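# Survey of secondary and tertiary structure
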Amino acid sequence: MTREAPNSVIELENYGMPFSRLEDGKIYQRAFGGGSLDYGKGGQAHRCCCVADRTGHSLLHTLYGRSLMYDCHYFIEYFALDLLMEDGECVGVIALCLDDGTIHRFRSKNTVLATGGYGRSYFSCTSAHTCTGDGSAMITRAGLPNSDMEFVQFHPTGIYGAGCLITEGCRGEGGFLINSEGERFMDRYAPTARDLASRDIVSRAETIEIREGRGVGPNKDHMYLQLSHLPPEQLKANLPGISETAMIFAGVDVTRDPIPVLPTVHYNMGGIPTNYKGQVLDYTEEGGDRVVPGLYAAGEAACVSVHGANRLGANSLLDIVVFGRACALEIAAEHKPGEKIKDLSPDAGEMSIANLDKMRYADGDTPTSALRLRLQKAMQDNAAVFRDGPTLQEGVEKVQQCYDAMSDLKVSDHGLIWNSDLVETLELQNLMLVSSQTVVSAENRKESRGAHAREDYPDRVDEYDYSKPVEGQTMKPFADHWRKHTMSKQDPVTGKVSLSYRPVIDSTLDDDVEMVPPKLRVY
């Protein structure tokens, strides 16, 4: 990803993406959290190429416009139900067309999942309402594993009460967080990086400040993000979207008042395990990695895993561009247009249709929205910024109870055309799967690493003690340390989650760059 980053930016610029510019015409680059020079010794890096504060939005429109050059056909308002698998190979998907209720089997030589994350497992998140882990759930129902689901990123600056994202670019432009005493409290938690420490560090610092009574507002339950010291022309040029968002959702004029913010679920480091080509992997302890033929994943849905246990700012867009492109390049290298596509078995997708009908005529006593809220509150309370054994165990039980309550769902609309009640119920099924894997994986990981912060196991447990020279140390056995990937499978009928663990890949792809050994994060 690092090697391909500059070329990807240049390619996007050539496609017409309107990057912000310096006076000399070069692309403007701002500081983002966790980005440093010389492996943390050289100060803050200014690495993030941006389009004011609308980079992702601009990227989406640029790539969509470019795709139309190639006569790309979009099936808009189709809801993917499941993968079609034949003898371990993915041969397409089955989908519901929302505007006319028809069901379609898409046969394909290659299928790329780019379905995003599952922020809507939580009560407060920055994600769209459609971010319900559909890709990871389809993988689960296909009998394949997800990876590292316990690592959920809380962004330090979601608008208090609304959850809308206030970009890290605000702090990259010079904004800072303050508590009820007007103190820039990040100086105490990360003296070097301050407000641009990585997101998990800043979110935990905010939570500690609130716990210790230094929160702001009537209930002392959030923090302030201060931008009013920045010149109005800088806010207008570099943060126009945030200025508008703060006014709409918090009633705040950022040129005069601080924005009320709170740590909010923002990104899932875990997801569908893939290699650097985007190919989806199955894993067994006996056989190791196995590429699933015909199946690829990219973006937040995937777990490559370039983000480890805590993604750094701006790397999500880079991830989707680099590995989405890698999927296309690998498919183009291995296949040619017009190749024969494997025939579907006559009953392909039958289970998906049976489940669709089962949910459509569900006649219990619990509305979908009520059970979804119950699940979201369980996740918010029991798999939050700080975690511990009893809380996580309670979370496992609560989520399983929600899973069992799916049998009592009530769907009022029995039609197939624009049936939002039915679609939300299918999305809830997906949320149940990914939420179960998240909380079970978190309960089982007896350490703190990145976004997974356990108060009963505060230290990171590696195969060596990386705070000291490795020479002379004895490597811990695989079973005794946690520098490994969690692989989670689940029985969709009972909800039972089974875990295994996969070694981390330490070698680089070539000899151009030496492997960077693990070290403790210090800010």
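Calculation rules
- Residues numbered from 1 in each chain as written.
- Predicted model: local features only at pLDDT ≥ 70, side-chain atom pairs only at ≥ 80, totals over all residues.
- Heavy atoms only, no water.
- Helix = DSSP H or I, 4+ residues; strand = E, 2+ residues; numbered from the N terminus.
- Rg over C-alpha atoms; globule rule 2.2 N^0.38 Å.
- Buried < 20%, exposed > 50% of the residue type's maximum accessible area, 1.4 Å probe, protein only.
- Contact = heavy atoms within 4.5 Å.
- Lys, Arg positive; Asp, Glu negative; His and termini not counted.
- Charge placed at Lys NZ, Arg CZ, Asp CG, Glu CD.
- Salt bridge = Lys/Arg side-chain N within 4 Å of Asp/Glu carboxyl O.
- Axes fitted to C-alpha atoms, helices over the stretch in contact; angles between N-to-C directions.
- Parallel < 35°, antiparallel > 145°, perpendicular 65-115°, else oblique.
- Pairing = 2+ DSSP bridges.
- Polar contact = N/O pair within 3.5 Å; in protein donor to acceptor, adjacent residues only side chain to side chain.
- Core = buried A, V, L, I, M, F, W, Y, C linked by side-chain atoms within 4.5 Å.

Another aspect to go through is the overall build of the chain. Counting its regular elements, the chain contains 13 helices and 21 strands. Radius of gyration (C-alpha) of the chain: 23 Å, near the 24 Å computed for a compact globule of 523 residues. In terms of overall dimensions, the chain has C-alpha extents of about 65 × 55 × 55 Å along its principal axes. For the chain, buried positions account for 50% of its 523 residues. Sequence-distant contacts, at least 24 apart, represent 68% of the contacts inside the chain between residues at least 6 apart. Distance between charge centres in the chain, computed from 53 positive and 74 negative side chains, equals 2 Å.

Another aspect to go through is the pattern of salt bridges. It is possible for side chains bearing opposite charge to pair when their charged atoms get close. Here the structure, examined in full by the defined rule, presents 39 salt bridges. The closest approach of N and O atoms between glutamate 209 and arginine 214, which form a salt bridge, is 2.7 Å. Overall, the relative accessible area of 0% leaves glutamate 209 in the buried class. We note a salt bridge from aspartate 289 to arginine 502, for which the minimum N-O separation is 2.8 Å. With aspartate 289 in strand β14 (residues 288-297) and arginine 502 in strand β21 (residues 497-503), this residue pair connects regions lying 213 residues apart in the sequence. Its relative accessible area of 40% is what places aspartate 289 among the partly exposed residues. Via salt bridges that share partners, Glu150, Arg445, Glu447, Arg449, Arg460 and Asp462 belong to a single interconnected network.

Moving on, we come to the packing of helix α1 (residues 5-15) against helix α9 (residues 315-334). The N-to-C vectors of α1 and α9 enclose an angle of 90 degrees; their axes lie 10 Å apart at closest approach. Regarding the angle of α1 to α9, the classification is roughly perpendicular. Residues Ala5, Ser8, Glu11 and Leu12 of α1 lie in contact with α9, whose contacting residues are Leu318, Val321, Val322 and Arg325.

Our focus in this paragraph is the sheet that holds strand β8 (residues 152-159). Across the sheet, which stays open at both edges, the 4 strands sit in the order β8-β11-β10-β9 with antiparallel pairing between neighbours. Here the strands that pair on one side only, and so sit at the sheet edges, are β8 and β9 (176-178). Neighbouring strand axes in the sheet, compared pairwise and without regard to direction, differ in orientation by 50 degrees on average. In this structure, β9 lies alongside strand β10 (residues 223-226), joined through 3 bridges in antiparallel fashion. Across the sheet, residue phenylalanine 176 finds its bridge partner in β10, namely glutamine 226. Sheet strands touched by helix α6 (residues 199-211): β8, β9, β10 and β11 (259-268). Its angle to β8, the strand with the most contacts, is close to 60 degrees.

A few words on the side chain of threonine 132. For threonine 132, the location among the structural elements is in the loop between β6 (111-113) and α3 (134-141). Judged by relative accessible area, threonine 132 falls into the buried class, the value being 3%. At 2.6 Å, the side chain of threonine 132 and the side chain of aspartate 134 are in polar contact. The contacts of threonine 132, once residues within four sequence positions are left out, are Gly117, Tyr118, Arg120, Glu427, Asn430, Leu431 and Val434.

Another point: the sheet that holds β21. If you walk across this open sheet you meet the 3 strands as β7-β20-β21, and the pairing is antiparallel. If you trace the sheet from one side to the other, it starts and ends with β7 (146-147) and β21, each paired once. Note: strand β20 (residues 484-490) against β21, 7 bridges, orientation antiparallel. Looking at β21, one finds that threonine 486 is bridged to tyrosine 501.

The next subject is the nonpolar core. Counting residues in hydrophobic clusters, the biggest one holds 48 residues, and the most contacted among them are Leu371, Leu375 and Met432. Among the elements of the structure, β3 (78-86), β4 (89-97), β8, α10 (350-360), α11 (368-382), α12 (389-404) and α13 (420-444) are those that each provide at least two residues to this core. Aside from chain neighbours lying at most four places away, what touches leucine 371 is Thr366, Cys402, Ala405, Met406, Leu409, Leu428 and Met432. The next biggest cluster of nonpolar side chains, apart from the first, holds 25 residues, and it includes Ile166, Met186, Ile201 and Leu225.

In short, geometric facts, not functional conclusions.
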